[in-house]
Amino acid sequence: MIAHNLGYPRIGSHRELKKACEQYWAGKITPEQLVETGRTIRRENWLLQQQAGIDLVPCNDFSFYDQVLDLTLAVGAVPERFQPLLEKPGFAAQDLYFAMARGYQKDGLDLIAMEMTKWFDTNYHYIVPEFSREQTFRRFSEKILDEFREARNVLGSVPKPVLIGPVTYLLLGKEKEPGFHRLDLLDRLLPVYEEILAGLEAEGAEWIQLDEPGLVIDLDDRQREAFAAAYRRLRNRFPALKLMVASYFECFGENLPTAVGLPVDALHLDLVRCPSQLDDLLRTGLVSGTVRLSLGLVDGRNVWLNDLDRSLSFLRKAVDALGEDRVMVAPSCSLLHVPCDLELETGTGSLTPELKQWMAFARQKLTEVVRLARLAEDPGNETARVWLLQNQAALEARRQSAAIHRPEVQARVKALRETDGRRSAPFAQRQILQQQVLNLPVWPTTTIGSFPQTGEVRLNRARYRKGEKTVTEYEAFIRKETESAIRRQEEIGLDVLVHGEFERNDMVEYFGELLDGFAFSEYGWVQSYGSRCVKPPLIFGDVARPEPMTVRWAEFAQSLTEKPVKGMLTGPVTILQWSFVRDDQPRRDTCLQIALAIRDEVLDLEKAGIRIIQIDEPALREGLPLRRENWETYLNWAVGAFRVAASGVRDETQIHTHMCYSEFNDIIRPIADMDADVITIETSRSQMELLDVFAEFRYPNEIGPGVYDIHSQRIPSTEEITALLHRAASVLPVRNLWVNPDCGLKTRRWPETEEALRNMVRAARIAREQFVEKVE
Ligand code: GLN
Ligand code: ZN
């Protein structure tokens, strides 16, 4: 039985790629040194996959920045604005590539980077292809072929090139002008794919993996037909190449007949996300054909140990129906989305041995895939039996572990009632009560939470973490920063202040470290985009809050000023979304456990005299399932969890939430259902276009549309902000409007922050005078 892999993390086990790229961009290493780093990483990855026993080792899964951008270059879809770079004599290929990814501002040129967006429902971001009506394609970069040859030399056997399939590639892109649909370009794109495949075939390639995760999203008939047409054409042209279409992250759903009908040699299924799919498939006529099934049984999206016995039952079923030589085994998707190697976690402050026995990172997952193939071939084999027993013992230990299971936490989730997610009075009444307590002016001004994390703040934290600074010293420093932030806010004239979040490294990690049920790895990095990596917390057990987490800081900040200070918390959905989540209970249950911990924190803040509490949920939208039919279920529990976190307080206590940088138009109703008293939301990049949606929906509660983009160094003028406030007032009731930036200010520096906020406060004052009549 063939054991294969769909893709391996390319950042290097110690983030070598990140470091090399950043050094290259800073001009500190040569192009050759950068290329050499890439070569070393690829070589290590190929060899370790081979040594693990993987039969088909992927190539072209490496990328210096992004695999979609690589393909854009392979098919020559370089947007027009980068042409000047192509014409520059001696201009290096890498620099064109990075210019497309990151923009280019040099030699009198100012080229805007291509857009970036999330890869399906992952936290990986790809560079969005740009298509014009007259779009042409041509064979351009030779990376695919070069990497194939390189891998073959390293491995001494034939690797399996991985390409994004043509239809998914087009679907991932964006039309840059009206008058055509990107799928119209398929006939122009396919000849270039044919050239690439012909090149690979001539070099001796056998299997080609074409990733078509586009097959799991909602498609119309025409889109489905594009898949059929593309593969008919490739099949005719390459009768001898073994084409494997790989799809993942969801069930095929309505697209199942299309997927099954593709004239290919193998179809890869994600049985982790969609365990029922094997039965669905075997029920189709496919069994009588010759197509092979690649079963994605090892979770490529999460870090937990595989249940080998359970996976084997899938393999047996497939083998019974199709015969052994028509079944392959693989991870569910590329291993890009998991950290490299669990064996690196040996240091202090790393994962405990108990936890490690329940986990598998990319390297360990390869072993799982290979063991599954061997177990399926020869279940009676002595070594194989030992693997199975070991695996069962680890899983059993996990099921029983007191570190994971806390009956009191589970009982609390079970005991939740509808009323726990409901404030006692409706918003209209709360608004009056809150106004009596807070006595804020119209157009109250505030910020989203964090203030600049200066080099000094980061340095102090790093020293403290390394043990070079005592708790007392570190906390004295944080108090000093907080106090200075309060003074600055008072001086600027803001109405609702924040403590500044100087004690926090990251809005999820900070809470994870203070909650039971979370663990942190030392090297568990995952690529988020380009050279940026994240190290998500691991939620392994029932979540509980041993003690208050933020109350001291909030209380301290409030003691410094007469103005209200907002308590600042991260919401349950965002904590869930930005972590690796346990797979032994539904995500909803884990989310509710976090919600209860946050609820307790909210109540402690209230008890400590904090009158306004913000619960950030920037990741609410990210959790949306790929298919619309599953949205409602998700939104119900996600919004429900937020409400559990928020609803314990008295009516006088004002609950804020914050969301940013995503598409809110189609989830406006669930946002309203969260019933936060105030929502601050990013809108300035679209010149507040989003507001129309809120207006049309008649969003009932208070809202602070962001009046300037904090991602830019640019300082917005008072006039600009005033104009945006006018726009807001033209569609929403003035008594419901707040004035604030788009998002937290931690990436900015103090001088620009102070100046921008001064202009913002000035604009609010002007608006107050202009709108005073309207309000009365
Ligand atoms: N309170 C957080 C901050 O200001 C919110 C960050 C976010 O929206 N991602 O940093
Ligand atoms: Zn934000």
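Shown above is the structure to which this text applies.
Let me sum up the structure you'll find in this document. (Residues numbered from 1 in each chain as written. Chains lettered and ligands numbered in written order. Predicted model: local features only at pLDDT ≥ 70, side-chain atom pairs only at ≥ 80, totals over all residues. Heavy atoms only, no water.)

## Observations concerning the overall build of the protein chain
Phase 1: Looking only at helices and strands, the protein chain has 28 helices and 24 strands in total.
Phase 2: Taking 776 residues into account, the globule formula puts the C-alpha radius of gyration at 28 Å, and the protein chain, at 27 Å, falls close to it.
Phase 3: Projected onto the principal axes, the alpha-carbon positions of the protein chain cover approximately 75 × 65 × 55 Å.
Phase 4: Counting the 776 residues in the protein chain, one finds 60% classified as buried.
Phase 5: For the protein chain, the proportion of contacts with a sequence separation of at least 24, taken over those separated by at least 6, is 79%.
Phase 6: Split by element, the accessible area of the protein chain, about 30,700 Å² in all, is 49% carbon and sulfur.
Phase 7: For the protein chain, the distance from the average site of its 96 positive side-chain charges to the average site of its 115 negative ones is 1 Å. (Helix = DSSP H or I, 4+ residues; strand = E, 2+ residues; numbered from the N terminus. Rg over C-alpha atoms; globule rule 2.2 N^0.38 Å. Buried < 20%, exposed > 50% of the residue type's maximum accessible area, 1.4 Å probe, protein only. Contact = heavy atoms within 4.5 Å. Areas by Shrake-Rupley, 256 points an atom, 1.4 Å probe, with all protein chains shown as cover. Lys, Arg positive; Asp, Glu negative; His and termini not counted. Charge placed at Lys NZ, Arg CZ, Asp CG, Glu CD.)

## Quick word on the environment of R374
Phase 1: Checked against the element boundaries, R374 lands in helix α14 (residues 362-377).
Phase 2: On a C-alpha basis, the gap between R374 and A384 in space is 7.1 Å, while along the polypeptide they are ten residues apart.
Phase 3: Beyond its immediate sequence surroundings of up to four residues, R374 is in contact with M1, G53, D55 and W387.
Phase 4: A polar contact of 3.4 Å, which involves the side chain of R374, links it to the backbone oxygen of M1. (Polar contact = N/O pair within 3.5 Å; in protein donor to acceptor, adjacent residues only side chain to side chain.)

## Here we look at the state of the cysteines
Phase 1: If you walk through the whole model with that rule in mind, you get one disulfide.
Phase 2: One disulfide bridge connects C251 with C274, the sulfur atoms lying 2.0 Å from each other. In this structure the cystine formed by C251 and C274 twists about its S-S bond by roughly 100°; its chirality is therefore right-handed. With C251 in the loop between β11 (242-246) and α10 (256-261) and C274 in the loop between β12 (266-270) and α11 (277-283), this residue pair connects regions lying 23 residues apart in the sequence.
Phase 3: With no disulfide of its own, C340 lies closest to C533 among cysteine sulfurs, the gap being 8.9 Å.
Phase 4: Looking at C340, the relative accessible area reads 7%, which means it is buried.
Phase 5: Since its relative accessible area comes to 7%, C533 is described here as buried. (Disulfide = S-S within 2.5 Å.)

## Section: the nonpolar core
Phase 1: Within the largest apolar cluster, 106 residues are counted, with the highest numbers of intra-cluster contacts made by W443, I598, I615, I703 and V707.
Phase 2: For W443, the contacting residues outside a window of four places in its chain are D495, L725, A729, V734, L737, V739, A764, A767, R768 and F771. (Core = buried A, V, L, I, M, F, W, Y, C linked by side-chain atoms within 4.5 Å.)

## Some thoughts on the coordination of the zinc ion (ligand 2)
Phase 1: Taken together, H658 (NE2), C660 (SG) and C743 (SG) make up the protein donors of the zinc ion (ligand 2), found 2.1 to 2.3 Å from the metal.
Phase 2: Taken together, the four donor atoms surrounding the zinc ion (ligand 2) define angles of 92 to 127° at the centre, an arrangement classified as tetrahedral. (Donors = N, O, S within 2.8 Å, 3.2 Å for Na, K, Ca; no water. Tetrahedral: all angles 85-135°; square planar, octahedral: opposite > 155°, others 65-115°.)

## Regarding the side chain of R643
Phase 1: Assignment of secondary structure puts R643 in helix α24 (residues 631-646).
Phase 2: Put simply, R643 is tucked away with no salt bridge, and the nearest opposite charge, on D675, sits 4.7 Å away.
Phase 3: Setting aside its immediate chain neighbours within four residues, R643 contacts D420, G421, R422, D673, M674 and D675. (Salt bridge = Lys/Arg side-chain N within 4 Å of Asp/Glu carboxyl O.)

## A word on the sheet that holds strand β21 (residues 612-616)
Phase 1: Strands sit in the order β19-β21-β22-β23-β24 across an open sheet of five strands; the sheet is parallel. Taken across any chain shown, the strands that pair with only one partner, and hence form the sheet edges, are β19 (566-570) and β24 (702-705). Direction aside, neighbouring strands of the sheet carry axes that sit 20° apart on average.
Phase 2: The pairing of β21 with strand β22 (residues 654-659) spans five bridges and is classified as parallel. Bridge pairing in β22 links I613 to I655.
Phase 3: Along the sheet face, helix α23 (residues 587-607) touches β19, β21 and β22 and points at about 170° away from the line of β19. (Pairing = 2+ DSSP bridges. Axes fitted to C-alpha atoms, helices over the stretch in contact; angles between N-to-C directions.)

## Points about unusual backbone geometry
Phase 1: A positive phi angle is found at F249, which is not glycine, with a value near 85°.
Phase 2: Within the secondary structure, F249 sits in the loop between β11 and α10.
Phase 3: Here the phi dihedral of E501 falls at roughly 60°; this positive angle occurs in a residue that is not glycine.
Phase 4: Looking at E501, the relative accessible area reads 9%, which means it is buried.

## Details of the packing of helix α1 (residues 16-25) against helix α2 (residues 31-52)
Phase 1: Contact pair α1 / α2: the axes reach a minimum separation of 10 Å and the direction vectors enclose 170°. Here α1 lies roughly antiparallel to α2, going by the angle between them. Two secondary-structure elements touch here, α1 through E16, L17, A20, C21 and Y24 and α2 through P31, L34, T37 and I41.
Phase 2: Each residue belonging to the contact of α1 with α2 can be placed in one class, and the counts come to seven nonpolar, one polar and one charged. (Parallel < 35°, antiparallel > 145°, perpendicular 65-115°, else oblique. Nonpolar A, V, L, I, M, F, W, Y, C, P; charged D, E, K, R; others polar.)

## Regarding the pattern of salt bridges
Phase 1: One pass over the structure, following the stated rule, counts 62 salt bridges.
Phase 2: E36 is the partner of R39 in a salt bridge, and the nearest nitrogen-oxygen pair spans 3.2 Å. Separated by three residues within a single helix, R39 and E36 lie in helix α2, roughly one turn from each other.
Phase 3: Residue E36 is classed as partly exposed on the basis of its relative accessible area, which comes to 40%.

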